[in-house]
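Below, each chain spelled out in residue letters.
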Amino acid sequence: MISEKKRIFFLDIPQENPAFFLKGSNNLDWGMKNRLARIFNPKSGKTVMLAIDHGYFQGPTTGLERIDVGILPLAQYADTLMLTRGILRSVVPPSFNGGIVLRASGGPSILKELSNEQIAVDIEDAIRLNVSALAVQVFIGGENETQSVHNMTRLVDLGNRYGIATLAVTAVGRDMVRDAKYMRLACRICAELGATYVKTYYVPEDFDTVTASCPVPIVIAGGKKLPELEALRMAYDAIRQGAAGVDMGRNIFQAESPVGMIQAVRSVVHDGMSPEEAFEMYTGSIDRAASTSIEETLAAV
């Protein structure tokens, strides 16, 4: 018969102390882990970030002319939004309960030297906005390499003080070779200097060495617009080779069916669906939308 003491205090059940689900994050403070769990899905350990911060140096990029019309319908399918504080305050409803990764560096436009960025957000404003992470561009090998690295380390220090993660975004200049050797260099430098996680480009050859040599999670950039099946294959290959998620923008909001595309990307990242199956799901969403449009047109006649 179980004693009253054993029944109340569960003396036969030791308290568990499970490891945090993200690579390299076990020794972070509770608050930062909580914020990371808003960015990354704790069940899959992966994330689908929707990057819509292009306007901070490009202006109204194709597909981002009206974020309230074109992007907000996608937000419910994203684990995280990566954006500027201007768009967050002016367009995104406070009821959005996913992660917020705030663009925290800026300065030059596409008309100037892009590596000449400075920190563009005060940590107190980031706290007011309840963001999960601060994103900073790091230009390894760029003209202003040291300045951009210093921007990152300052944000790391401020983020650690208040429990806000730092996302280091590796930027590849026009004259640099996008290969695994460069990606290993850039990602490892960012991690060594304190970045909580890193965003970089997928490379077809030896990308697994990039993720293996980086002690913190890596998410891949979507980059320029690709054919949908090709973008899904890139996401699938990156996840298989150790990436913890994707941060896609143009490959989602410039697709023929942005809602269908972000759902297909989610299936690849979180469910391990093959690119071909996900593409079939995507094309099915286009067919259904076309069928609905035809029915609505006939009904109006």
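Only a predicted model underlies this, so the values are computations on that prediction, with no experimental measurement involved.

Asks: I'd like to hear about the overall build of the protein, residue by residue, with values.
Replies: What the protein contains, in helices and strands, is 14 helices and ten strands. What you see for the protein is a C-alpha radius of gyration of 21 Å, in line with the 19 Å of a compact globule of 301 residues. Principal-axis analysis of the C-alpha atoms places the extent of the protein at approximately 75 × 55 × 40 Å. Nonlocal contacts in the protein, meaning residues at least 24 apart in sequence, comprise 66% of its contacts between residues at least 6 apart.

Asks: Give me the lowdown on the packing of aromatic side chains, citing residues and values where you can.
Replies: Applying the stated criterion to the full structure yields five aromatic pairs. Between the aromatic rings of F279 and Y282, the centroid separation amounts to 6.1 Å while the plane-to-plane angle is 35°, which identifies the pairing as tilted. Of this pair, F279 and Y282 both sit in helix α14 (residues 275-300), three residues apart, roughly one helical turn. Residue Y282 is classed as buried on the basis of its relative accessible area, which comes to 2%. A cation over an aromatic ring shows up here: R178 above the ring of Y201, its NZ or CZ 3.9 Å from the ring centre.

Asks: Could you give me a rundown of helix α13 (residues 258-271), with the residues and numbers involved?
Replies: Taking 1.5 Å per residue as the helical rise, α13 with its 14 residues ought to reach 20 Å, and the 19 Å between its terminal C-alpha atoms agrees with that figure. Within α13 the residues assigned to the buried category are G260, M261, I262, A264, V265, S267, V268, V269 and H270. Positive backbone phi, approximately 70°, marks G272, located one or two places after α13.

Asks: Outline the nonpolar core, supporting the account with residue identities and numerical values.
Replies: One finds L50, L81, L134 and F207 to be the most contacted residues of the largest nonpolar core, which totals 72 residues. Examining the composition of this core, we find that seven residues originate from one element, helix α9 (residues 180-192), more than from any other. Look past the residues within four positions of L50 in its chain and what remains in contact with it is I71, L74, A78, T80, L81, M82, D247, M248, I252 and I262. Ranked by size, the runner-up nonpolar core spans 17 residues in total, among them I39, F40, V101 and V169.

Asks: Tell me about the environment of I286, and name the residues and values.
Replies: Within the secondary structure layout, I286 lies in helix α14. Judged by its relative accessible area of 18%, I286 falls in the buried class. Spatially, the C-alpha atoms of I286 and E256 are 7.7 Å apart, while their sequence positions differ by 30 residues. Once residues within four sequence positions are removed from consideration, I286 is found in contact with E256 and S257.

Thresholds applied
- Residues numbered from 1 in each chain as written.
- Predicted model: local features only at pLDDT ≥ 70, side-chain atom pairs only at ≥ 80, totals over all residues.
- Heavy atoms only, no water.
- Helix = DSSP H or I, 4+ residues; strand = E, 2+ residues; numbered from the N terminus.
- Rg over C-alpha atoms; globule rule 2.2 N^0.38 Å.
- Contact = heavy atoms within 4.5 Å.
- Phe/Tyr/Trp six-rings, centres within 6.5 Å; stacked < 30°, edge-to-face > 60°.
- Buried < 20%, exposed > 50% of the residue type's maximum accessible area, 1.4 Å probe, protein only.
- Lys NZ or Arg CZ within 6 Å of the ring centre and 35° of its normal.
- Expected span 1.5 Å × (residues − 1).
- Core = buried A, V, L, I, M, F, W, Y, C linked by side-chain atoms within 4.5 Å.

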